[in-house]
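# Summary of the model geometry
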Amino acid sequence: MEKILPACPVETTLMLISDRWKVLIIRDLLDGTKRFGELKKSIGSISQKVLTSNLREMEADGLVNRKVYAEVPPRVEYTLTDTGCSLKPILDAMVDWGMEYKRKLKKEKIEKKRNREIRRDRLGQQITAVSMRSELCRYRNIQFSQYPVFAISGYEIGKLSQKDKKSSNALEAPPGL
């Protein structure tokens with residue numbers, strides 16, 4: 001029975017490699033011929049049944065060659081066909097996209113962290129953790145180097161009323177300092 005392929009080329013490609021295990025199998029076979037055990041070990045958490053099933057489907061689709069050696073114990077090796085090797089640019093594009101996505105997430109995380117550390121006064125001027133610490137040290141009349149940086153939530157240093165200064169726990173040093 002012949003497989004009926006979809007009209008859309010993207011859908012055809014996805015039909016052949018849409019399973020996550022198939023992409024990982026192709027990734028590992030791009031390095032060269034591998035035995036079944038090597039594939040299972042390099043892929044990780046795949047079961048023997050699922051790996052066997054995926055390799056059979058890929059062999060039927062013409063992506064993988066299977067070579068059986070008449071030995072005891074039996075030895076089976078898998079290699080990508082030319083059609084399977086032609087998927088390398090697709091996997092390379094996936095690698096590039098994945099690395100760019102990771103860089104973007106890391107950059108956003110750093111930016112988010114940086115934005116949390118920056119506070120603004122009423123005029124929109126930036127007050128960093130260091131300037132908040134220096135203002136607090138001036139208020140408490142202690143040396144700048146003796147006081148650790150900590151968040152002062154909801155208050156603008158230097159603009160608190162006397163009542164706020166007395167009642168604010170935010171201006172108190174953490175216990176043990």
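You'll find the structure just up there.
These lines cover the structure that appears in this document, whether it is placed above or below. Keep in mind that this is a model prediction, so the values were computed, not measured. (Residues numbered from 1 in each chain as written. Predicted model: local features only at pLDDT ≥ 70, side-chain atom pairs only at ≥ 80, totals over all residues. Heavy atoms only, no water.)

### A few points about the packing of aromatic side chains
- All chains considered together, the criterion is met by 1 aromatic pair.
- Relative to Tyr101, the ring of Trp97 lies with its centre 5.2 Å away and its plane at 10°, an arrangement referred to as stacked. Of the two residues, Trp97 and Tyr101 both sit in helix α6 (residues 88-117), 4 residues apart, roughly one turn of that helix.
- Sitting over the face of the ring of Tyr69, Arg75 holds its NZ or CZ atom 3.8 Å from the ring centroid. (Phe/Tyr/Trp six-rings, centres within 6.5 Å; stacked < 30°, edge-to-face > 60°. Helix = DSSP H or I, 4+ residues; strand = E, 2+ residues; numbered from the N terminus. Lys NZ or Arg CZ within 6 Å of the ring centre and 35° of its normal.)

### Things to note about the environment of Val23
- Structurally, Val23 can be placed in helix α2 (residues 20-29).
- Val23 gets classed as buried once you look at its relative accessible area, which sits at 15%.
- Spatially, the C-alpha atom of Val23 lies 10.0 Å from that of Ile90, the residues being 67 residues apart in sequence.
- In this structure Val23 touches Ile17, Leu91 and Met94, once residues within four positions along its chain are discounted. (Buried < 20%, exposed > 50% of the residue type's maximum accessible area, 1.4 Å probe, protein only. Contact = heavy atoms within 4.5 Å.)

### Brief notes about the sheet that holds strand β1 (residues 34-35)
- Strand order in the open sheet made by the 3 strands is β1-β3-β2, with antiparallel pairing throughout. Looking at strand neighbours, the two that pair on one side only are β1 and β2 (64-69), the edges of this open sheet.
- Inspection of the sheet shows β1 paired to strand β3 (residues 75-80) by 2 bridges, in the antiparallel sense. Across the sheet, residue Lys34 finds its bridge partner in β3, namely Tyr78.
- Strands β1, β2 and β3 of the sheet are contacted by α2, whose axis makes an angle of about 90° with β3. (Pairing = 2+ DSSP bridges. Axes fitted to C-alpha atoms, helices over the stretch in contact; angles between N-to-C directions.)

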